[in-house]
Amino acid sequence: MPNTYKIPAIPSSEITPRETYLSRRDFMKAAGVLGATALLAACGVAPEAAGEPAVDVESGLTDELGDPANTYEDITNYNNYYEFTIDKQGVAGLAENFKSTPWAVEVGGLVRTPKTFGLEDLLNFPHEERIYRLRCVEAWSMVIPWQGFELRHLLEAVEPMASAKYVRFETVYRPEEMPGLNAPYYPWPYSEGLRLDEALHPLTILATGLYGQAMPNQNGAPIRLVVPWKYGFKSIKSIVKIELTEEEPATLWSAIAPNEYGFYANVNPQVDHPRWSQATERRIGEFSRRETLMFNGYAEQVAGLYDGMDLAKYY
Ligand SMILES: Nc1nc2c(c(=O)[nH]1)N[C@H]1C(S)=C(S)[C@@H](COP(=O)(O)O)O[C@H]1N2
Ligand SMILES: [Mo]
């Protein structure tokens, strides 16, 4: 079942220069759904619910470096989501029946006004499109057009106390719907963390969709974190709990492989994984490898967060 909740976000087609959507518009015109889609979008109904085909044509979208967005097809069929399977091409099928509605995210810990946000509340935060690079620690990458909102807006709404220094995130735990959870060894539920200043950085978003569609299950429906300057595993999917803490929280990866995955996990071409180089990466859809950029190309915006820190030690 596709997700059927509505996205109040302005669809990509409305906020992207018209030419960049031409091929998509042509495709929809050919399918005879353009008028209907525009109308339904105005009513806040997800186009998908009206039978619009998934976007799998060249969108013309690029990131700020000029590199094209990966196709909807690639983004939704090559996934890491261990709660379903460790087979990247098997996630989409196994996640088909995951129930992403109703949904609630509990936000608490060291905050003055703890709150549980229903999906409707979350979708009411001011959304925008962010076209970000996603760099997996396994040395592949994609460019993904997300819709989402800055995490800092949600955190400001619960009023962090002065003692709060970190933010911990937790994924839903539903073994009946997530066959990978029956695998022993992993300390489920999946959890991740950020330092509070990283969490408040304007590049850090909670994403509720991609390519103008509600978030596909395999990408972390209905809401997931996206921290573009860190390795992909920090961008935790299907979040049900956010907690502000004083101490650095334990995370799933740093618990099982502390020598491979540090808490920070900033993309850094100079710090190799113990089993492979991080100097280059394979952009999905490209033939030759490309150089990996410091902080995944976001150094100008985020390097200041780590002034005075030894990045070879805190990796
Ligand atoms: N809950 C949860 N979140 C997760 C993962 C996971 O296995 N479980 N995998 C991470 C990894 S390793 C990556 S690279 C990204 C992949 O996101 P994508 O499938 O949307 O491209 O999700 C991250 N978030
Ligand atoms: Mo990853």
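Residues numbered from 1 in each chain as written. Chains lettered and ligands numbered in written order. Predicted model: local features only at pLDDT ≥ 70, side-chain atom pairs only at ≥ 80, totals over all residues. Heavy atoms only, no water.

I'm lost on the sheet that holds strand β5 (residues 166–171) in this one. Help?
Remark on secondary structure: sheet strands pair via backbone hydrogen bonds, oriented parallel or antiparallel. Strands sit in the order β2-β1-β10-β5-β6 across an open sheet of 5 strands; the sheet is mixed. Either end of the sheet is taken by a strand with one partner, and the two such strands are β2 (115–118) and β6 (191–195). In this sheet, neighbouring strand axes are inclined to one another by 15 degrees on average, regardless of whether the strands run parallel or antiparallel. Bridge count between β5 and β6: 5 bridges; the pairing is antiparallel. The partner of E170 across the bridge, within β6, is S191. Along the sheet, helix α7 (residues 151–158) makes contact with β1 (104–109), β2, β5 and β10 (239–245), crossing β2 at roughly 140 degrees. (Pairing = 2+ DSSP bridges. Helix = DSSP H or I, 4+ residues; strand = E, 2+ residues; numbered from the N terminus. Axes fitted to C-alpha atoms, helices over the stretch in contact; angles between N-to-C directions. Contact = heavy atoms within 4.5 Å.)

So what exactly am I meant to see when it comes to the packing of aromatic side chains here?
Note on aromatic pairs: each is described by the distance of the centres and the angle between the planes. Following the criterion strictly, the structure yields 22 aromatic pairs and no others. Aromatic pair F233 and Y261: ring centres 4.8 Å apart, planes at 80 degrees, arrangement edge-to-face. Placement of the pair is F233 in the loop between β9 (224–226) and β10 and Y261 in the loop between α9 (252–256) and β11 (280–283), with a sequence separation of 28 residues. What makes F233 buried here is its relative accessible area of 10%. By relative accessible area, which is 10% here, Y261 ends up buried. Counting every residue linked through ring pairs, the aromatic cluster contains Y82, Y185, Y186, W188, Y190, F233, W253 and Y261. Lying across the ring of F263, K234 places its NZ or CZ 4.3 Å from the centre. (Phe/Tyr/Trp six-rings, centres within 6.5 Å; stacked < 30°, edge-to-face > 60°. Buried < 20%, exposed > 50% of the residue type's maximum accessible area, 1.4 Å probe, protein only. Lys NZ or Arg CZ within 6 Å of the ring centre and 35° of its normal.)

I'm lost on the pairing of strand β3 (residues 128–135) in this one. Help?
Among the 8 residues that make up β3, 7 are buried, leaving the element largely enclosed by the rest of the structure. The pairing of β3 with strand β4 (residues 140–150) spans 8 bridges and is antiparallel. The partner of Y132 across the bridge, within β4, is I144. Here β3 folds back onto β4 in antiparallel fashion, the turn holding 4 residues, of which A139 has a positive phi close to 75 degrees.

Hey, could you run me through the nonpolar core in this one?
A general feature of soluble globular proteins is that nonpolar side chains tend to end up buried together. One finds W146 and L154 to be the most contacted residues of the largest nonpolar core, which totals 81 residues. Contact partners of L154, with chain neighbours within four places excluded, come to V107, F117, L122, F125, F149, L206 and I242. (Core = buried A, V, L, I, M, F, W, Y, C linked by side-chain atoms within 4.5 Å.)

Just checking my understanding: could you explain the pairing of β1 for this structure?
Two faces, one strand: in a regular strand the side chains alternate between the faces of the sheet. For β1 and β2, the ladder comprises 4 bridges, and the chain directions are antiparallel. Paired with E106 across the bridge in β2 is T116. Between the end of β1 and the start of β2, which pair antiparallel, lie 5 residues. Here 4 bridges tie β1 to β10, and the two strands are oriented parallel to one another. Looking at β10, one finds that V107 is bridged to I242.

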